[in-house]
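Below, each chain spelled out in residue letters.
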Amino acid sequence: MLRYLIRVEGGRSLSLLLLGALAGWLLGSVRLGALFGLTLILFIHLYHAGQLLAWLQAPKKRELPDGVGIWRDIFQLSLDRHKQARKRKKRLGAIVREFRASTTALPDAAVVLDRSGCIVWYNQAAVSLLALRGQPDIGLRINNLLRHPDFHSYFGQSDAQDRGVEIPAPSDSESTLWIRVIPYGDGQRLLIARDVTELKRLEVSRRDFVANASHELRTPLTVLRGYLDMMGEESSEAGQLSSWKNPIEEMRRQSARMQRIIADLLRLANLESGSGFADSTVLDMPALIGAALEEAEHLSGGQHRIESEVDDSLQLQGEQADLHSVVSNLLSNALRYTPPGGQIRLRWQRDGGQALLSVQDTGIGIAARDIPRLTERFYRADVARSRETGGTGLGLAIVKHALERHEAVLTIHSQPGRGSEFICRFPAHRMSDNSRVAVAG
Ligand code: ADP
């Protein structure tokens, strides 16, 4: 840097100083002459600094002169930087304009929230979908504007935010919004809201259709079943229909299966039409599990070893019928897919702040590719065995829906030939306050 300064400035400053001193010597005072030279150098620098300052204050109105010495380089560099900054500004401006245009065209509402849940920015759709009022709502807490209790409980639970929540639209209670909050950056969150009214309507009509069709089928099937039972009695050795014994037995089996399918379809429709989340009634889970275990012992008829490890102090807030479906479906599956001599183990305990229900068996197991699809209606990994054991293909779909209503998650671990484990994890806030940790000894 010093060399550069000497190269571009040294020669001219020294010449001015010497010229001043020479003029001073001719006029009788070398000192005064040198002082004049120095003043001239200072003046040149001040002049250029003044030019730069004036240009920096209004770069659009003024032009920078060429400048001399070191000032030529300073002016050139300043001009280059200024041009680069303008280019970058233009580019950023275009990006922001594009972003604004695309978020305005977006049919979904998008709201940026800061770490305390206050609104920082939102797009046009948020005005109509969430009934925001424009500038006055910036800085307000989102849960002061969206007051639905389901949204409040969803917004308060950071572990549930992946799932999203459905609430009536604040602007029109006939419409339904699906809202999801996505955390990002340093505690900020992005709230997305989508109008799912039409989707909901379709879903409701599909559900009603299945429920109505099942209802309609139930009565004729009960009549058929009644006659088949009567024919069954007549098909005994001495009866009039003894030659029809086998077909009648098969018809009775199939009609019983149809009745089970209809009962399961109705159970699913009930689960789907119930309010989003299950009640918070405190249930005696150990008693419920005890009753399901007794049923399982009866079903097994002593062919399996059934073990259990139940925390008697652990209660749960939820709905009896739903949770009974969960426990009995998992146990009945474990029995049906475990050959005689196998072992079944049920655990109900605390685990990492959550309540855990696990049903493990040493049965036939499930291939990895089937596991993600098991909770789909009528999906069967082992079709033959399912039919043979009276399965409806709806058990795990019922389990999944019942668990969802309790904000619980189902995980399945399995290996073909080695057995399976179905684990249900219930969130901490569903564990009853009355539950006490059992003290050993
Ligand atoms: P199903 O009435 O056919 O048992 P489910 O919905 O209860 O219907 O289960 C779906 C499928 O998952 C079953 O058909 C079976 O192939 C598989 N499955 C469920 N539980 C087990 C288990 N414990 N062991 C092995 N396979 C199982």
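What counts as what
Just so you know, the residues in each chain are numbered from 1, in the order the chain's sequence is written. Per-residue local features of the predicted model are confined to residues with pLDDT of at least 70, and side-chain atom pairs are confined, for both listing and counting, to 80 or more; whole-chain, interface and lining totals are unaffected and use all residues. Hydrogens are left out, water is left out, and the side-chain values use all remaining heavy atoms of the structure. Numbering of helices and strands runs from the N terminus, with a helix taken as a DSSP run of H or I at least four residues long and a strand as a DSSP run of E at least two residues long. Residue exposure (1.4 Å probe, protein chains only): buried if accessible area is under 20% of the type maximum, exposed if over 50%, otherwise partly exposed. We call two strands paired when DSSP finds no fewer than two bridges between them. For helices, the axis comes from a line fit to the C-alpha atoms of the stretch in contact; other axes are also lines fit to C-alpha atoms, and the angle between any two N-to-C directions lies between 0 and 180 degrees. In what follows, a contact means two residues having at least one pair of non-hydrogen atoms within 4.5 Å. In this description, a nonpolar core means a group of buried Ala, Val, Leu, Ile, Met, Phe, Trp, Tyr and Cys residues linked to one another through side-chain atoms lying within 4.5 Å.

(A) Representation of unusual backbone geometry. Unlike most non-glycine residues, Ala131 shows phi in positive territory, near 55°. Positionally, Ala131 belongs in the loop between α4 (124–129) and α5 (142–145). Among the residues examined, Ala131 registers a relative accessible area of 39% and is labelled partly exposed. Even without being a glycine, Glu407 presents a positive backbone phi close to 55°. Relative to the elements of secondary structure, Glu407 occurs in the loop between α12 (395–404) and β11 (409–415). Look at Glu407 and you get buried, because its relative accessible area is 11%.

(B) Structural view of the sheet that holds strand β4 (residues 172–184). Ordered by their spatial adjacency, five strands build an open sheet running β2-β1-β5-β4-β3, and the pairing between neighbours is antiparallel. Taken across any chain shown, the strands that pair with only one partner, and hence form the sheet edges, are β2 (119–122) and β3 (165–169). The average undirected angle you get between the axes of adjacent strands in this sheet is 30°. Both strand β1 (residues 109–113) and strand β5 (residues 188–195) contribute to a ladder of five bridges, which runs antiparallel. Its bridge partner being in β5, Ala110 is matched across the sheet by Ile192. Sheet contacts for helix α6 (residues 149–156): β1, β3, β4 and β5; angle to β3, the most-contacted strand, approximately 145°. Sheet strands in contact with helix α7 (residues 197–234) are β3, β4 and β5, and its direction is about 110° off that of β4.

(C) Seen up close, the nonpolar core. Grouped together as the largest cluster of nonpolar side chains are 44 residues, with contacts concentrated most on Leu331, Trp348, Leu357 and Phe426. Taken together, the elements giving at least two residues each to this core come down to α8 (245–273), α9 (285–300), α10 (320–336), β9 (343–351), β10 (354–361), α12 and β12 (419–426). Counting residues per element, this core draws most heavily on α10, which supplies seven residues. Apart from the residues lying within four places of it in its own chain, the contact partners of Leu331 are Ala292, Leu293, Ala296, Ile344, Leu346 and Val359. Core analysis: the second largest hydrophobic core is formed by 22 residues, Val111, Ile142, Ile167 and Val181 among them.

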